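# Analysis of the macromolecular model
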Amino acid sequence: MDIELLVKGIISGEKIAIAKAITIVENDKPEKMDLLKKIYPEMGHTYRIGITGPPGAGKSTIILQLTRILLKEGYKIGIIAVDPTSPFSGGAVLGDRVRMSELIKDDNVFIRSMASRGSKGGLSLSASEASDILEAGKKDIIIFETLGVGQAELDVKSVADTTIVVLVPESGDSIQAMKAGLMEIADIFVVNKSDREGADRTVRELELIISLRNKMSGWESPVVKTSALKGNGIVELHSMIQKHKKFIDDKGILDFKRKERMTNRVKEIVEEKFKTLFWTEKRLKILNEFHDKIDVIDISP
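As a starting point, this report considers the structure included with it.

Let us now look at the nonpolar core. Residues Leu6, Ile10, Leu35, Ile39, Ile80, Ile133 and Phe189 are the most contacted members of the largest nonpolar core, which totals 39 residues. Ranked by residues supplied to this core, first place goes to helix H2 (residues 15–26) with six residues. Setting aside chain neighbours within four positions, we find Ile80 in contact with Arg112, Met114, Ala127, Ala130, Ser131, Leu134, Ile142, Ile143, Phe144 and Glu145.

Next up on the list: the packing of helix H3 (residues 32–39) against helix H7 (residues 125–136). For any two helices packed against each other, one specifies the crossing angle of their axes together with the interaxial distance. Two elements in contact, H3 and H7, have axes whose closest approach is 10 Å; the angle formed by their N-to-C orientations is 40°. Here H3 is positioned oblique relative to H7, judged by the angle of their axes. As H3 runs across H7, the sense of the crossing is left-handed. Of H7, the residues touching H3 (which contributes Lys32, Leu35, Leu36 and Ile39) are Glu129, Asp132, Ile133 and Ala136. Classifying every residue of the contact of H3 with H7 gives five nonpolar, no polar and three charged.

Attention now goes to unusual backbone geometry. Leaving glycine aside, a negative phi is the common case for residues, and trans is the common case for peptide bonds. Positioned with a positive phi, Lys138 is a non-glycine residue whose angle comes to about 70°. Structurally, Lys138 can be placed in the loop between H7 and strand S4 (141–145). Phi is positive for Lys193, which is not a glycine, with a value near 55°. Its place among the elements puts Lys193 in the loop between strand S6 (188–191) and helix H11 (199–212).

Right, let's get into the pattern of salt bridges. The final tally for this structure, using the stated rule, is 16 salt bridges. Its salt-bridge partner being Asp34, residue Lys38 comes within 2.7 Å of it at the nearest N-O pair. Taken together, the residues span about one helical turn, with Lys38 and Asp34 both in helix H3 at a distance of four residues. Assessed through its relative accessible area of 33%, Asp34 is described here as partly exposed. For Asp255, the salt bridge is made with Lys259, and the minimal N-O distance between the two is 3.3 Å. Highlighted residues: Asp255 and Lys259, both in helix H13 (residues 253–278), separated by four residues, approximately one helical turn. One network of salt bridges, with partners in common, ties together Arg48, Asp132, Glu135 and Arg265.

This next bit is on the packing of aromatic side chains. The tally for this structure, following the rule as stated, stands at two aromatic pairs. A centroid spacing of 5.4 Å and a plane angle of 45° characterise the contact between Trp219 and Phe247, whose relative ring orientation is tilted. Note that Trp219 is positioned in the loop between H11 and strand S7 (223–225) and Phe247 in helix H12 (residues 234–250), a separation of 28 residues in sequence. Ring plane angle 85° and centroid distance 5.0 Å describe the contact between Phe278 and Trp279, whose orientation is recorded as edge-to-face. The class of Phe278 is partly exposed, set by a relative accessible area of 41%. Over the ring of Phe278 we find Arg283; its NZ or CZ atom is 4.3 Å from the centre of that ring.

As a further point, take helix H4 (residues 59–72). Since the α-helix advances by 3.6 residues per turn, residues separated by three or four positions end up pointing in the same direction. The terminal C-alpha atoms of H4 lie 20 Å apart, and with 14 residues this matches the ideal 20 Å at 1.5 Å per residue to within 8%. Among the 14 residues that make up H4, 11 are buried, leaving the element largely enclosed by the rest of the structure. When we look at burial in H4, the residues that qualify are Lys59, Ser60, Ile62, Ile63, Leu64, Gln65, Leu66, Thr67, Ile69, Leu70 and Leu71. One or two positions beyond H4, positive phi appears at Gly74, with a value near 95°.

What follows is about the packing of H12 against H13. Two elements in contact, H12 and H13, have axes whose closest approach is 5 Å; the angle formed by their N-to-C orientations is 85°. When the interaxial angle is binned, H12 and H13 end up roughly perpendicular. Contact residues: H12 offers Phe247, Ile248 and Asp249, while H13 offers Ile253, Leu254 and Lys257. Class assignment for the residues of the contact of H12 with H13 results in four nonpolar, no polar and two charged.

Criteria and thresholds
Residues numbered from 1 in each chain as written. Predicted model: local features only at pLDDT ≥ 70, side-chain atom pairs only at ≥ 80, totals over all residues. Heavy atoms only, no water. Core = buried A, V, L, I, M, F, W, Y, C linked by side-chain atoms within 4.5 Å. Buried < 20%, exposed > 50% of the residue type's maximum accessible area, 1.4 Å probe, protein only. Helix = DSSP H or I, 4+ residues; strand = E, 2+ residues; numbered from the N terminus. Contact = heavy atoms within 4.5 Å. Axes fitted to C-alpha atoms, helices over the stretch in contact; angles between N-to-C directions. Parallel < 35°, antiparallel > 145°, perpendicular 65-115°, else oblique. Left-handed = near helix turned anticlockwise from the far one by under 90°. Nonpolar A, V, L, I, M, F, W, Y, C, P; charged D, E, K, R; others polar. Salt bridge = Lys/Arg side-chain N within 4 Å of Asp/Glu carboxyl O. Phe/Tyr/Trp six-rings, centres within 6.5 Å; stacked < 30°, edge-to-face > 60°. Lys NZ or Arg CZ within 6 Å of the ring centre and 35° of its normal. Expected span 1.5 Å × (residues − 1).

Rendered as structure tokens:
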């Protein structure tokens, strides 16, 4: 593949070029590093939003409604939906593109479902690299939708400038959020399906917990009520994202987040590289031999 030609296509915002490039990083092709190096000069202008929360909370519908507003304001949007990995194909299972099908035809939107591939934090390294490709493709805003698996959601904070935690009223989600550690990562809380019974109680519980939390940055996370299917509360959510963006920009936090993101990326690349180098065919054979004897040998892992 002609990488130079592919990079030109990405920078021009061509959907086919962007799709091919994301496939290269997702499959860890040999040309991946060269591609990422070449697009690096195009980085540094995109705002990143992470949306997380339990399964069925309505994250995809919120993204659909939020994207509609952003498109009307002239923004170009990239959406990365991180799905559970299929145990058979290794690919994404849920296919959020189906739920956001009306956006696919819009030239100013690019949607990609990606498999978590066993990532403990709900975001794989390839999802981070895919966001770089979307940034080079002149997307103004990138939205991550991550796996709704509680504790494993926490690393969305490291890739997003604004992190939104979506909860629903009917299952004690505010308490579950506190247990899972989601309280610590949320810049904005959303209580979706707020037309259901218990929504006001959930909001009050969240606000009480937030008021007791140590506000390190000076930002107090607001709670926004939405009913995404009806479009209610989405304008308020958009306004709160803008408010948070201004806050972290004014305080210098946005610049710090971006520098920290690059430092973390170096660590991730090194860790992945060491894993690849370590697990040679010979070592895997030794491991398999150990596995076969594990019930009869007296040796610790």
